[in-house]
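Chains, contacts and geometry: an overview
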Amino acid sequence: YLLIAMLLAAAAIRAPGFVSASNLTQQLVLASYLGIIAGGQTIVILTGGIDLSVAWNLNLSAILLTQLSEQMPVFWAAVIALGSASLVGLLNGLGIAYLRIPSLVMTLGMNAVLAGVTLVYTNGSPQGDAPAFTRDLAVGRIGGVVPWALVFWALFSTALIVLLRRTVYGKRLYAI
């Protein structure tokens, strides 16, 4: 915490607008995306693995959601996007568990495959606008004050902490 305070003090001296409430809120919103991804990666790392396919899995899912939401209801586009991401996770898990491919190699290879699939699917140029629901989640605010992304991050983090510290499953993950 002291290091964060020192960094903020240095930033305030160098660029006084950086420590404004609106900019710090924006920095927290940006951190919320990484925080959610880091939460999932935490579970993977606790089991002794690593997942390097997160970047392109996230990109492909976002592109699927954006493009499919123009052709069907957002709910079904989200189901397909989440299903796609889950399928990638399942394939990674099967390759690691049953084919005994090291997680680093399996997920790095999957990352390359997903980059290629995304390139082919979009013809190199993703099109479309994000659905209103996802825009609201990303940049919307409750009562014009508290960003939805921070609320989601707080709820996700709380659930993850409870899962890892207060459940048998969490204790078993740490035991692995």
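Here, the structure is the one placed above.
In this report, we go over the structure that sits alongside the text. These numbers come from a predicted model, not from an experiment.

So, about the nonpolar core. Leu60, Leu64, Leu65, Leu68, Ala77, Ala81, Val88, Met106, Met110 and Leu114 form the largest nonpolar core, which has 10 residues in total. Taken together, the elements giving at least two residues each to this core come down to α3 (54–68), α4 (74–97) and α5 (103–122). The leading source of residues in this core is α3, at four residues. In contact with methionine 106, not counting residues within four places along its chain, are Leu91, Asn92, Gly95, Ile96 and Ile101.

Here the largest pocket is characterised by a volume of approximately 1400 Å³. In terms of lining residues, the largest pocket is bounded by 37 residues, among which Ile36, Ile37, Leu58, Ser61 and Leu82 are the most central. At the level of secondary structure, the elements contributing two or more residues to the lining of the largest pocket comprise α2 (21–46), α3, α4, α5, α6 (132–139) and α7 (148–166). By residue class, the composition of the lining of the largest pocket is 21 nonpolar, 15 polar and one charged.

Calculation criteria
- The numbers attached to residues start from 1 for each chain and follow its sequence in the written order.
- The predicted nature of this model means local features are confined to residues of pLDDT at least 70 and side-chain atom pairs, given and counted, to a pLDDT of 80 or more, with totals for whole chains, interfaces and linings taken over all residues.
- Excluding hydrogens and water, the side-chain values take into account all heavy atoms of the structure.
- Here the nonpolar core consists of buried residues drawn from Ala, Val, Leu, Ile, Met, Phe, Trp, Tyr and Cys, with membership extended through side-chain atoms lying within 4.5 Å.
- Throughout, exposure labels follow a simple rule: accessible area from a 1.4 Å probe, protein chains only, divided by the maximum for the residue type, with under 20% read as buried, over 50% as exposed, and the rest as partly exposed.
- Secondary structure is summarised from DSSP: a helix means a run of H or I of at least four residues, a strand means a run of E of at least two, and numbering begins at the N terminus for each.
- We call two residues contacting when some pair of their heavy atoms lies within 4.5 Å.
- Residues are said to line a cavity or pocket when one of their atoms sits within 4 Å of a point; the points come from a 1 Å grid over protein atoms alone, cavities being sets where a 1.4 Å probe fits but cannot get out and pockets being open sets with protein on both sides within 12 Å along at least five of seven lines.
- Grid points are joined across faces, edges and corners, and a volume is the space filled by probe spheres set on the points.
- Throughout this entry, Asp, Glu, Lys and Arg are counted as charged residues, while Ala, Val, Leu, Ile, Met, Phe, Trp, Tyr, Cys and Pro are counted as nonpolar. The remaining residues, Gly among them, count as polar.

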